[in-house]
Amino acid sequence: MAPDSFKGTYSAAEVAAHIAAGIRSAGGTAEEMPVADGGEGTFDVVFRGLDAQPLPLQTVGPWGDPTEAVIGLSASGTAVVELASASGLNLPASGKRDPVTASTYGTGVLIAEAARRGARRILVAAGGSATTDGGAGAIRAIDDGGGLRGAELVVLSDVTTRFTDAARVFAPQKGADAATVELLTRRLNELSGTLKRDPRAVDRSGAAGGFAGGMWAQYDADLVSGADFVLDLLEADARIAASDAVVVGEGRLDSQTGQGKIIAALLARSGEIPVYAVVGSVHEDLGSYADRFAGIIIAGDAPSMVAAGAAIAAGS
C-alpha cells in the first residue's frame, strides 16, 4: 500500500491503513508504505522514515502572524522542515492575505534554528506555500539567525517549474490577479540579479514561489524530486520487488499525475508488477495513462477504501 494523501481529507498513512484493512479482510497480506512527493504530507512521511524527534518552534506565518511549527531532528543529524507549516497558504492571517506581501521569513527561521541545533543536512518539503517571494524572506531570516553553519540544504518538490515562471503557474492559486502576476514576475526577475547565482534557467527553481531557486542561488541547495527522495528513503525498490502487486492512491488522478508526481515514480519502479490505483476521483482526460494500471477504483471515504482493498485482494 503506497498511497499519497487525499488532499485535505485523509493522510497517506490513513489511506494505506484503510486499504490494507480491506486486503487483510479478504485473506491477503498488506505492507503499508505511505508516500509523498514534496507536497502535502511529505513532512510526515520523511519524519517517520528518518525516525526523527519533534521539535516545536516559534516562528511567523507568511503575513507576520506569530505561529508555532514543528521540525524533525534525527539522531544522524538530518532535520526536516515543512515550508507550509510557516509559510503555507492555509495558515491563519490577522489581516489581508496579500500574495505580494506573503513572505518565507518564517520558514527561514525554522531552517536557521535547525542549523543552530546542529543539523548537518536540512530537508525542506516545499509544497503548499502562500508565497512568491523567491525565497527572499527565508534568506533574510537565515542570515539573521546565523546562517546554515555548514549544513547542507535540500529542497524537495513535486514540480519542475523554473524561477520566473513561478508567478504565472502558481500565484493565481494564491490570490493573484493578472496584474499581480506581472508584478510578482518582475520582482522575481529583479531578485535574480541580487543573488549569488542566477536561478532562472534551473529546473525546480520555481517551487514554492521561487523559494527553491533562492535557496539554490544563495546557499547552493540541492533541488530534488520529492517523489524519488521519499522512495529511496523508504527503500521502496526492494519492497516493491518483494510484492505481488502495488496499490497507489491520491485524491485525484489526472493528466498531471505523470508530471513528477509520486504515482508516476511508483509506476516507473514497479516494472511488470501490477499497479492498482485507489483514488478519490478520476479526471475525464486521463486518456491512455489509464492503461498503466491493472485497475482504478474510486474510493473517497474510509469504508470504500476498505472495500477497494478487499476487491484488489480478490482480483489479484
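Conventions we followed
- Residues numbered from 1 in each chain as written.
- Predicted model: local features only at pLDDT ≥ 70, side-chain atom pairs only at ≥ 80, totals over all residues.
- Heavy atoms only, no water.
- Helix = DSSP H or I, 4+ residues; strand = E, 2+ residues; numbered from the N terminus.
- Rg over C-alpha atoms; globule rule 2.2 N^0.38 Å.
- Contact = heavy atoms within 4.5 Å.
- Areas by Shrake-Rupley, 256 points an atom, 1.4 Å probe, with all protein chains shown as cover.
- Salt bridge = Lys/Arg side-chain N within 4 Å of Asp/Glu carboxyl O.
- Buried < 20%, exposed > 50% of the residue type's maximum accessible area, 1.4 Å probe, protein only.
- Pairing = 2+ DSSP bridges.
- Axes fitted to C-alpha atoms, helices over the stretch in contact; angles between N-to-C directions.
- Parallel < 35°, antiparallel > 145°, perpendicular 65-115°, else oblique.
- Left-handed = near helix turned anticlockwise from the far one by under 90°.
- Core = buried A, V, L, I, M, F, W, Y, C linked by side-chain atoms within 4.5 Å.

Novice: Help me out: how do you make sense of the overall build of the protein chain in this one?
Specialist: When its secondary structure is counted, the protein chain shows 12 helices and 10 strands. Its C-alpha atoms give the protein chain a radius of gyration of 20 Å, near enough to 20 Å, the size a compact globule of 316 residues would have. The principal-axis extents of the C-alpha atoms in the protein chain amount to approximately 60 × 45 × 35 Å. Contacts in the protein chain between residues far apart in sequence, at least 24 positions, make up 72% of those at least 6 positions apart. Carbon and sulfur atoms provide 49% of the accessible area of the protein chain, an area that totals close to 13,200 Å².

Novice: Looking at this structure, how should I read the pattern of salt bridges?
Specialist: Two side chains carrying opposite charge are able to pair once their charged atoms lie near each other. Across all of its chains, the model carries 11 salt bridges by this definition. With a shortest N-O distance of 2.9 Å, Arg197 and Asp220 are connected by a salt bridge. Highlighted residues: Arg197 in the loop between α7 (178-192) and α8 (211-219) and Asp220 in the loop between α8 and β7 (222-225), separated in sequence by 23 residues. Residue Arg197 is classed as partly exposed on the basis of its relative accessible area of 32%.

Novice: In this structure, what is going on with the sheet that holds strand β1 (residues 2-3)? I would like to understand it.
Specialist: Working definition: the strands of a sheet are paired by backbone hydrogen bonds and lie parallel or antiparallel to each other. Overall, parallel pairing links the 4 strands, which are arranged β1-β8-β9-β10 in an open sheet. This sheet does not close on itself; its edge strands, each paired only once, are β1 and β10 (295-298). Packing of helix α11 (residues 262-270) onto the sheet brings it into contact with β1, β8 (246-253) and β9 (275-282), and relative to β8 it is tilted by some 155°.

Novice: Please clarify how the sheet that holds strand β2 (residues 53-60) should be interpreted in this entry.
Specialist: Read across the sheet, 6 strands follow the order β2-β3-β4-β5-β6-β7 without closing on themselves; strand pairing throughout is mixed. Where the open sheet ends on each side, the last strands, each with one partner, are β2 and β7. The mean inter-strand angle of the sheet, taken between neighbouring strand axes irrespective of direction, is 30°. Bridge analysis of strand β3 (residues 66-73) against strand β4 (residues 78-82) gives 2 bridges, and the strand direction is antiparallel. Pairing of Leu73 across the sheet is with Ala79, part of β4.

Novice: Just to check I follow, could you spell out the packing of helix α1 (residues 12-25) against helix α12 (residues 302-315) for this structure?
Specialist: Each pair of packed helices can be described by the angle between their axes along with the distance between the axes. For the pair α1 and α12, the least separation of the axes is 6 Å and the interaxial angle reads 45°. By the angle class used here, α1 and α12 are oblique. Taken as a pair, α1 and α12 cross one another with a handedness that is right-handed. Facing α1, whose interface residues are Val15, His18, Ile19, Ala21, Gly22, Ile23 and Ser25, α12 presents Ala302, Met305, Val306, Gly309, Ala310, Ile312 and Ala313.

Novice: Hey, could you run me through the nonpolar core in this one?
Specialist: Within soluble globular proteins, side chains that are nonpolar generally end up buried alongside one another. Counting 46 residues, the largest nonpolar core has Ile111, Ile122, Val124, Leu153, Val155, Phe211 and Met215 as the members making the most contacts within it. Beyond its immediate stretch of four places on either side in the chain, Met215 contacts Gly135, Ala138, Ile139, Ile142, Leu153, Val155, Asp220 and Ala221. In terms of nonpolar packing, the next biggest core, distinct from the first, is built from 37 residues, Val246, Val248, Ala264 and Ile273 among them.

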